[in-house]
Amino acid sequence: MTTQKEIVLTLDAGGTNFVFSAMQGGEFIVENYRLPAEGHDLEKSLKNILKGFHHINDQLQAKGLTANAISFAFPGPADYPNGIIRDLHNLTGYKGGVALGPMLNKAFGVPVYINNDGDLFALGEALGGFLPKVNALLKENGSSKRYHNLVGYTMGTGLGCGIVSNGSLHIGDNSAGSEVFLLPSTVLEGENAEEGSCIRAVKRFYNDFSNSNGADELTPKDIFDIAEGLKQGNQIAAVNAFAKAGENLGGVLCAINAPIDAPIVIGGGLSGALKYILPSALEVMRSSYSNGMKKAIAKVYDFTNPEEQKAFIEEKGKKIKVPFSEEYVFMNEEQKIAIGVSQLGTSEAIALGAYAFAVGKLKAEEIQL
């Protein structure tokens, strides 16, 4: 990415805030600009999107630079190849179909690429974040093992996911690949997984554990501070609230890890509380079914734990003889995957993913021409 000259306007569109910027060579070249999402009011939301991109574009023009494309993330399923946003759970104003891509193309005169935020988060971490870190540590330790796939999860207003296979996104035929929020929750009967691993879930669980009706007035940061003993409240309930969200997440991780088999990286607003979320998620992943069958084939290592990280990068194996010959080959004795926290920061990872996606599309179009 560092050698790319293309300039791309980016946007991290969450359910609460819009964060605008511009990248060149995989690096931010202007200051980020933040505006409220106004997701309940379509006109206000669209005007903020135009305002945000114009603000970034003005910064570029002041430097004598010109954008080659717009590329950004949006939360939830949509007709992304055509730039059309459909009904969104976290941005309720976007109903009935909104031609967001064509609107921006008309306003700025450059190609517009829109993808799911979880997809771009995973792509960014695969190119410049968690996956390179894992492989770099393996290389430094002299291990021959390298990982080529990654699953990224974002825990915040909702529960997002992205799957990267050998550097390419799995988007799906309906732009709805890796929508893990629709998996069944393992802690809430009859509800989907997002309801057990997002901001409103932590508030809900704290309310349940503390027998209080005041949780709606608390932010996840408040509940985290209560868990840390920095704020008055029910500390045990706060710890248990995050742990229950982690237990729910563990069910999702098992469901996706089985068919994908890849390292896992977690971002989003709740990732700051991963110290309380990850232990229960790992407990689920390391557990077994009633028949004794393990829920995960590969052994899962916690990359936020220095001792587990050290154990992960150590290559355990032996030489085995090739049948009917005098040759030997090395066999890894352990199948393993790493799970850790975003190395770039969620917004930065999404922006890098958006940049890489746009550059790839622009170059593909050049080849076709």
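Within any chain, residue numbers begin from 1 and follow the written order of that chain's sequence. It should be noted that, the model being predicted, local features are given only for residues of pLDDT at least 70 and side-chain atom pairs only at 80 or more, the latter also being counted only at that level, while totals for whole chains, interfaces and linings use all residues. Only hydrogens and water are removed before side-chain values are computed, so all heavy atoms of the structure are retained for them.

**Student:** Account for helix α9 (residues 306–313), naming residues and giving values.
**Tutor:** Because the α-helix completes a turn every 3.6 residues, residues three or four places apart line up on one side. For every residue, the accessible area obtained with a 1.4 Å probe (protein chains only) is divided by the maximum for its type, and the residue is called buried under 20%, exposed over 50%, and partly exposed between those limits. Only runs of H or I of at least four residues qualify as helices and only runs of E of at least two qualify as strands under DSSP, and these elements are numbered from the N terminus. Glu308, Gln309, Phe312 and Ile313 are the residues of α9 that are buried. The arc that holds the buried residues of α9, viewed along the axis, is 130 degrees, so those residues lie on one side. Within α9, the exposed residues directed more than 90 degrees away from the buried face are Pro306, Glu307 and Lys310. Tucked into the core, α9 has its buried residues touching α4 (130–140), β11 (299–302) and β14 (336–341). Nitrogen and oxygen atoms within 3.5 Å of one another constitute a polar contact, given that in protein one can donate a hydrogen and the other can accept it, and given that sequence-neighbouring residues count only through two side-chain atoms. Where α9 begins, the side chain of asparagine 305 points an oxygen toward the backbone nitrogen of glutamate 307, at a separation of 2.9 Å. Each direction from the helix axis to a C-beta atom contributes to the arc, which is the arc of those directions. Contact definition: two residues touch when any of their heavy atoms are within 4.5 Å.

**Student:** Hey, could you go over the domain arrangement of the protein chain for me, with residue numbers and the actual values?
**Tutor:** Looking at the protein chain, the domain boundaries give domain 1 (7–115) and domain 2 (121–356). Across the boundary between the two partners, domain 1 contributes 23 residues, which contact 18 residues of domain 2. By definition, a salt bridge exists where a carboxyl oxygen of Asp or Glu is found within 4 Å of a side-chain nitrogen of Lys or Arg. Here domain 1 is connected to domain 2 by zero salt bridges. Breaking the side of domain 1 that touches domain 2 down by element, the ones donating at least two residues are β1 (7–13), β2 (17–24) and β5 (69–74). Residues are grouped as follows: nonpolar covers Ala, Val, Leu, Ile, Met, Phe, Trp, Tyr, Cys and Pro; charged covers Asp, Glu, Lys and Arg; every other residue, Gly included, is treated as polar. Considering only residue class, the side of domain 1 that touches domain 2 consists of 10 nonpolar, 11 polar and two charged. All domain edges in this entry derive from an automatic or database-based domain assignment.

**Student:** Tell me about helix α6 (residues 220–228), and please be specific about residues and values.
**Tutor:** Burial within α6 is extensive, with seven of its nine residues counted as buried. In the core, the buried residues of α6 are packed alongside α5 (199–210), α7 (235–260) and α8 (274–285).

**Student:** Explain empty space enclosed by the protein to me, and be specific about the residues and the numbers.
**Tutor:** In this approach a probe as big as a water molecule rolls over the atoms, and the regions it shows empty are the leftover space. Points on a 1 Å grid, built from protein atoms alone, make a cavity when a 1.4 Å probe fits but cannot get out and make a pocket when they are open with protein on both sides within 12 Å along at least 5 of 7 lines; residues with an atom within 4 Å of a point are the lining residues. Grid points are joined across faces, edges and corners, and a volume is the space filled by probe spheres set on the points. Under the counting rule described, the total for this entry stands at two cavities of 30 Å³ or more. In this structure, the largest cavity encloses a volume near 50 Å³. Lining the largest cavity, in full, are Thr10, Asp12, Val19, Phe20, Ser21, Phe28, Asn32, Ser347, Glu348 and Ala351. Contributing elements (two or more residues each) for the lining of the largest cavity: β1, β2 and α10 (346–368). When we break the lining of the largest cavity down by domain, the ones giving at least three residues each are domain 1 (7–115) and domain 2 (121–356). Together, Val151, Tyr153, Leu253, Ile256, Asn257, Ala262 and Ile264 line the second largest cavity. Within the residue set of the lining of the second largest cavity, elements represented by two or more residues are β7 (149–155) and α7. Among the residues making up the lining of the second largest cavity, the classes are represented as six nonpolar, one polar and no charged.

**Student:** Outline the pairing of β1, listing residues and values.
**Tutor:** Within β1, seven of the seven residues are buried, which leaves it mostly tucked inside the rest of the structure. The two faces of β1 match: Ile7, Leu9, Leu11 and Ala13 on one face and Val8, Thr10 and Asp12 on the other face are all buried. Two strands are said to pair when DSSP picks up at least two bridges between them. Here β1 pairs with β2 via seven bridges, running antiparallel. Following the sheet pairing, leucine 11 is matched in β2 by phenylalanine 20. In this structure, β1 lies alongside β5, joined through five bridges in parallel fashion. Bridge pairing in β5 places valine 8 opposite alanine 69.

**Student:** Lay out unusual backbone geometry with the relevant residues and their values.
**Tutor:** Of note, the phi angle at serine 175 is positive, near 60 degrees, even though the residue is not glycine. Despite not being glycine, aspartate 261 shows a phi value in the positive range, around 55 degrees. Summarising the element assignment, aspartate 261 is placed in the loop between α7 and β10 (264–267). On the basis of relative accessibility, which here comes to 48%, the residue aspartate 261 falls in the partly exposed class.

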